[in-house]
Amino acid sequence: MRVAMIGAGYVGLVSGACFSEFGFTVTCVDSEPGRIPALQAGHVPIYEPGLEALAASNVAAGRLSFTEDIADAVRGADVVMLAVGTPSRRGDGHADLSFVFEAARQVADALDGYTVVATKSTVPVGTGREIARIIREQRTDAAFDVVSNPEFLREGSAIGDFMRPDRVVVGVESERAQAVMQALYRPLFLIETPVLFTTLETAELIKYAANCFLATKITFINEIADLCERLGADVQDVAKGIGLDGRIGRYFLHAGPGFGGSCFPKDTAAFVRIAEEAGASSAIVEAVLHRNAARKSAMVDKIVQACGGSVAGMTIAVLGVTFKPNTDDVRESPSLVILPGLIERRAEVRAFDPAGMEEARRVLDGVVWCGDAYDAMVGADALVILTEWNEFRALDLERARDVLKTPLMIDLRNIYEPGEVASAGIRYVSVGRPAASP
């Protein structure tokens, strides 16, 4: 089976490499200047653990290739997957589908024999039918079906998510298209992965509903954390106590500085627009959007309060700027609000991130970038942990105490036990838990 992956960004590149690992012949296409030559030279332009090695092994095996010629990739393909960007549209928050529709037009010109055109991009309900209309209008002779095949990849663990997914969702309208998609995912049938076949509209909505629900869980536990701080309770134990209920589940119940990244912020905003156009209520998701934005600003106030009510003239060490660990992605990261907020309050911010500093430099001004975690701490009046990278989970606390000007740790990810930090002589402030002093 031959697969053409239109878009060699995060979703397209991970999916293409994984499908080639299944044994299929995959050609990834992209028009962004420099991306395909870099991939052809063996350089993977995104940070994702294991991806570079996976891509290299399949290129060497002849199953994975890269091109800028969309017609060359589409000709002879059994499945063409659209994995182009759908960023938030300026002004209204809806998903910008211009890249999807332009890709559909280019695919239409190159179709050769019966082909399944599958949307991997996150797209609003109705997009699949519009893609079918575009292709049919442009190529009245084409034999094709459009299916929806949303991705559920988490940055930092995307390869595992693809190879061992909780489920695969496919929206189809013909038995022929369903048979092709069954063949494409046959390796997952063999490990008894649930594969859910639905209508086009249902598959498109499942993706948005899933992300909105997870964003809601994060926002909910953050509000519980605020209540815990007022009542003297421990949000970690509250989360465990409710997460052990099988109806709730323990995932995404980690209090912190709010969600970010390429999916949750734009997908919740797009969901609100989808509901609005359909004449349906989206009050819960609207509240999630509002509370998450407020959460990031509130973390600036939390840091200032922990520092005595003002950070003017102080040096703040920040560990982590990406929205989560194991990625270089800073899109919608809490750091994009928190670091400028501290600088506006006349603090000097010294920051370190294992993978995200190159991206962060492009969007964060006035930050002193450091070589490692301890370099950032030297002479600082407070240490803020903003991203839960593994290397920040086992800091040498005595060394940290010695290089900090003021022994204060503000842990916005709750990765330490309060007593452990306090016993090292560092005052400890976290989220939704009682503070601890030496």
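The structure under discussion appears in the preceding block.
Quick notes on the rules
Residues numbered from 1 in each chain as written. Predicted model: local features only at pLDDT ≥ 70, side-chain atom pairs only at ≥ 80, totals over all residues. Heavy atoms only, no water. Helix = DSSP H or I, 4+ residues; strand = E, 2+ residues; numbered from the N terminus. Rg over C-alpha atoms; globule rule 2.2 N^0.38 Å. Buried < 20%, exposed > 50% of the residue type's maximum accessible area, 1.4 Å probe, protein only. Contact = heavy atoms within 4.5 Å. Areas by Shrake-Rupley, 256 points an atom, 1.4 Å probe, with all protein chains shown as cover. Pairing = 2+ DSSP bridges. Axes fitted to C-alpha atoms, helices over the stretch in contact; angles between N-to-C directions. Parallel < 35°, antiparallel > 145°, perpendicular 65-115°, else oblique. Left-handed = near helix turned anticlockwise from the far one by under 90°. Nonpolar A, V, L, I, M, F, W, Y, C, P; charged D, E, K, R; others polar. Arc of directions from axis to C-beta. Polar contact = N/O pair within 3.5 Å; in protein donor to acceptor, adjacent residues only side chain to side chain. Phe/Tyr/Trp six-rings, centres within 6.5 Å; stacked < 30°, edge-to-face > 60°. Salt bridge = Lys/Arg side-chain N within 4 Å of Asp/Glu carboxyl O.

A. Expanded view of the overall build of the protein. Check the secondary structure of the protein and you find 18 helices and 14 strands. Taking 22 Å as the expected radius of gyration for a compact globule of 438 residues, we find that the protein reaches 24 Å, a close match to that expectation. For the protein, the residues scored as buried account for 55% of the 438 residues in total. Intrachain contacts of the protein at a sequence separation of at least 6 include 72% that bridge at least 24 residues. On the protein, roughly 18,900 Å² of surface is accessible, and the fraction owed to carbon and sulfur atoms is 51%.

B. Spotlight on the pairing of strand β5 (residues 115-119). Most of β5 is tucked away, with five of its five residues classed as buried. Of the two faces of β5, the one carrying Thr-115, Val-117 and Thr-119 and the one carrying Val-116 and Ala-118 are both buried. Summarising the sheet, β5 and strand β6 (residues 144-148) pair through five bridges and their orientation is parallel. Paired with Thr-119 across the two strands is Ser-148, which belongs to β6.

C. Broad picture of the packing of helix α10 (residues 200-231) against helix α11 (residues 235-243). Between α10 and α11, whose axes approach to 9 Å, the crossing angle comes to 135 degrees. By the angle between their directions, the pair α10 and α11 is classed as oblique. The interaxial crossing formed by α10 with α11 has right-handed handedness. For the pair α10 and α11, contact is made by Phe-220, Ile-221, Ile-224, Ala-225 and Cys-228 and by Val-235, Val-238, Ala-239 and Ile-242, respectively. A breakdown of the residues in the contact of α10 with α11 according to their chemical character gives nine nonpolar, no polar and no charged.

D. Quick look at α11. Where α11 is concerned, the buried positions are Val-235, Ala-239 and Gly-243. Each buried residue of α11 sits inside an arc of 65 degrees when the element is viewed along its axis, so together they form one side. Exposed and facing more than 90 degrees away from the buried side of α11 are Lys-240 and Gly-241. With a side-chain oxygen positioned 2.8 Å from the backbone nitrogen of Gln-236, the residue opening α11 is Asp-234.

E. Up close: the packing of aromatic side chains. Here the structure, examined in full by the defined rule, presents eight aromatic pairs. For the pair Phe-19 and Phe-22, a centre-to-centre distance of 6.1 Å together with 75 degrees between the ring planes defines the contact as edge-to-face. Here Phe-352 and Phe-392 contribute two aromatic rings whose centre-to-centre distance is 6.2 Å and whose plane-to-plane angle is 70 degrees, an arrangement assigned as edge-to-face. Of the two residues, Phe-352 is situated in strand β10 (residues 348-352) and Phe-392 in the loop between β12 (382-385) and α17 (397-403); the sequence distance between them amounts to 40 residues. Using a relative accessible area of 8% as the deciding quantity, one classes Phe-352 as buried. An aromatic cluster of at least three residues, connected via ring pairs, comprises Phe-19, Phe-22, Phe-162 and Tyr-185.

F. The arrangement of the side chain of Ser-282 in detail. Mapping Ser-282 onto the fold places it in the loop between α12 (264-278) and α13 (283-306). Its relative accessible area of 7% is what places Ser-282 among the buried residues. With sequence-adjacent residues up to four places away left out, Ser-282 is seen in contact with Phe-271, Val-272 and Ala-275.

G. View of the sheet that holds β10. With respect to topology, six strands assemble into an open sheet ordered β11-β10-β9-β12-β13-β14, the strand pairing being parallel. Of all the strands in the sheet, the pair left with one neighbour each is β11 (367-369) and β14 (427-429). With direction set aside, neighbouring strand axes in the sheet form an average angle of 25 degrees. Bridge count between β12 and strand β13 (residues 408-411): three bridges; the pairing is parallel. Following the sheet pairing, Ile-385 is matched in β13 by Asp-411.

H. Quick peek at the pattern of salt bridges. One pass over the full model with this rule turns up 26 salt bridges. One salt bridge in this structure joins Glu-276 and Arg-273, with 3.2 Å as the shortest N-O distance. Of this pair, Glu-276 and Arg-273 both sit in helix α12, three residues apart, roughly one helical turn. The exposure class assigned to Glu-276 is exposed, which follows from its relative accessible area of 53%. With its nearest N and O atoms 3.2 Å apart, the salt bridge here joins Arg-413 to Glu-388. Of this pair, Arg-413 sits in the loop between β13 and α18 (418-423) while Glu-388 sits in the loop between β12 and α17, and the two are 25 residues apart along the sequence.

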